[in-house]
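Secondary and tertiary structure notes
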Amino acid sequence: MNLFIERLTGLDAEDLYKFELENRNFFEETVPTRGDDYYKPEVFKIRHETLLEEQAEGISSFYLIKDVNSSILGRINLVDIDVTHKIAHLGYRVGHLHTGKGVAKKALELLLEIVGQQDVKQVKAMTTTNNIASQKVLEKNGFKQTACDVEEFDMNGQKIKFIYYRWSSQVSNC
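Residues numbered from 1 in each chain as written. Predicted model: local features only at pLDDT ≥ 70, side-chain atom pairs only at ≥ 80, totals over all residues. Heavy atoms only, no water.

**Digging into the overall build of the protein**
A tally of regular secondary structure across the protein gives 4 helices and 9 strands. Beginning at the N terminus, the succession of helices and strands in the protein can be written as β-α-α-β-β-β-α-β-α-β-β-β-β. For the protein, the spread of C-alpha atoms along the three principal axes comes to 50 × 40 × 30 Å. Expressed as a percentage of contacts within the protein between residues at least 6 apart in sequence, the contacts between residues at least 24 apart total 60%. (Helix = DSSP H or I, 4+ residues; strand = E, 2+ residues; numbered from the N terminus. Contact = heavy atoms within 4.5 Å.)

**Considerations on the packing of helix H3 (residues 103-117) against helix H4 (residues 132-140)**
Running from N to C, H3 and H4 point in directions that differ by 35°, and their axes come no closer than 9 Å. Seen from above, H3 lies across H4 with right-handed handedness. Residues Ala 104, Lys 105 and Leu 108 of H3 form the contact with H4, whose participating residues are Val 137, Leu 138 and Lys 140. (Axes fitted to C-alpha atoms, helices over the stretch in contact; angles between N-to-C directions. Left-handed = near helix turned anticlockwise from the far one by under 90°.)

**Side note on H3**
Taking 1.5 Å per residue as the helical rise, H3 with its 15 residues ought to reach 21 Å, and the 22 Å between its terminal C-alpha atoms agrees with that figure. Those residues of H3 not exposed but buried are Val 103, Ala 104, Ala 107, Leu 108, Leu 110, Leu 111, Leu 112 and Val 115. (Expected span 1.5 Å × (residues − 1). Buried < 20%, exposed > 50% of the residue type's maximum accessible area, 1.4 Å probe, protein only.)

**Focus: the pairing of strand E2 (residues 61-67)**
Burial runs high along E2: 7 of the 7 residues are buried. Burial along E2 is two-sided: the residues Ser 61, Tyr 63, Ile 65 and Asp 67 and Phe 62, Leu 64 and Lys 66 are all buried. Relative to strand E3 (residues 72-82), E2 is paired through 6 bridges, and the arrangement is antiparallel. Counted as the bridge partner of Lys 66 is Ile 72 from E3. Between E2 and E3, which pair antiparallel in sequence order, lie 4 residues; one of them, Ser 70, sits at a positive phi of approximately 65°. (Pairing = 2+ DSSP bridges.)

**A closer look at the environment of Lys 45**
Among the secondary structure elements, Lys 45 is positioned in helix H2 (residues 41-57). Through-space distance from the C-alpha of Lys 45 to that of Leu 3 is 26 Å; in sequence the pair is 42 residues apart.

**What about the packing of aromatic side chains?**
Taken as a whole and assessed by the stated rule, the structure comprises 6 aromatic pairs. Ring geometry for Phe 26 versus Phe 27: centroids 5.9 Å apart, planes at 50°, classification tilted. The buried category is assigned to Phe 27, whose relative accessible area is 4%. Look at Tyr 38 and Tyr 39: their rings are 5.0 Å apart centre to centre, the planes differ by 80°, and that puts the pair in the edge-to-face class. The class for Tyr 38 is buried, based on a relative accessible area of 10%. Put simply, the rings of Tyr 17, Tyr 38, Tyr 39 and Phe 44 pair up and form one aromatic cluster. One Lys or Arg, Arg 93, reaches over the ring of Phe 27 and ends 4.2 Å from the middle of that ring. (Phe/Tyr/Trp six-rings, centres within 6.5 Å; stacked < 30°, edge-to-face > 60°. Lys NZ or Arg CZ within 6 Å of the ring centre and 35° of its normal.)

**Section: helix H1 (residues 13-27)**
Its maximal kink placed at Leu 21, H1 deviates by approximately 35°. For H1, the set of buried residues is Leu 16, Tyr 17, Phe 19, Glu 20, Asn 23, Arg 24 and Phe 27. Looking at the buried positions of H1, the neighbouring elements they touch are H2, E2, E3 and strand E4 (87-94). (Bend = angle between axes of the 7 residues up to and from the residue.)

In structure tokens, the structure reads:
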């Protein structure tokens, strides 16, 4: 699939709102909900502006996954960037019409190329035990499972746990 990732801007707010609204039910099948307030236009606008502020401060880097027509296919982000320890935390989501097509795998591959050019040496991620597709995306991009929560929580009537992953740009010489 021919796609690219593009840094989030203020001009993306309307299209991103539509994307999130169209995919809400799909996303909430595998990740905890963001709550009803998130989907109110005025709240979404404020949240979008907050993300742009975080990005300007270097705390986070937000990207949209787009196709050749510049349609939003998904999102991929590095958040809680710790410049001292060179660690960032990954988050991503792909719209329901674009799953199973390699979009997340390719977007993560592109993001890791960008990370390689920055001063981030380790990327951490987490997913849920019921999100097999996300586990595969992480593993196909070189992430290694580091832990699994002992405690379960209920989501949509299903008992699940969080699984934690790590990717490192450093090669071990052991």
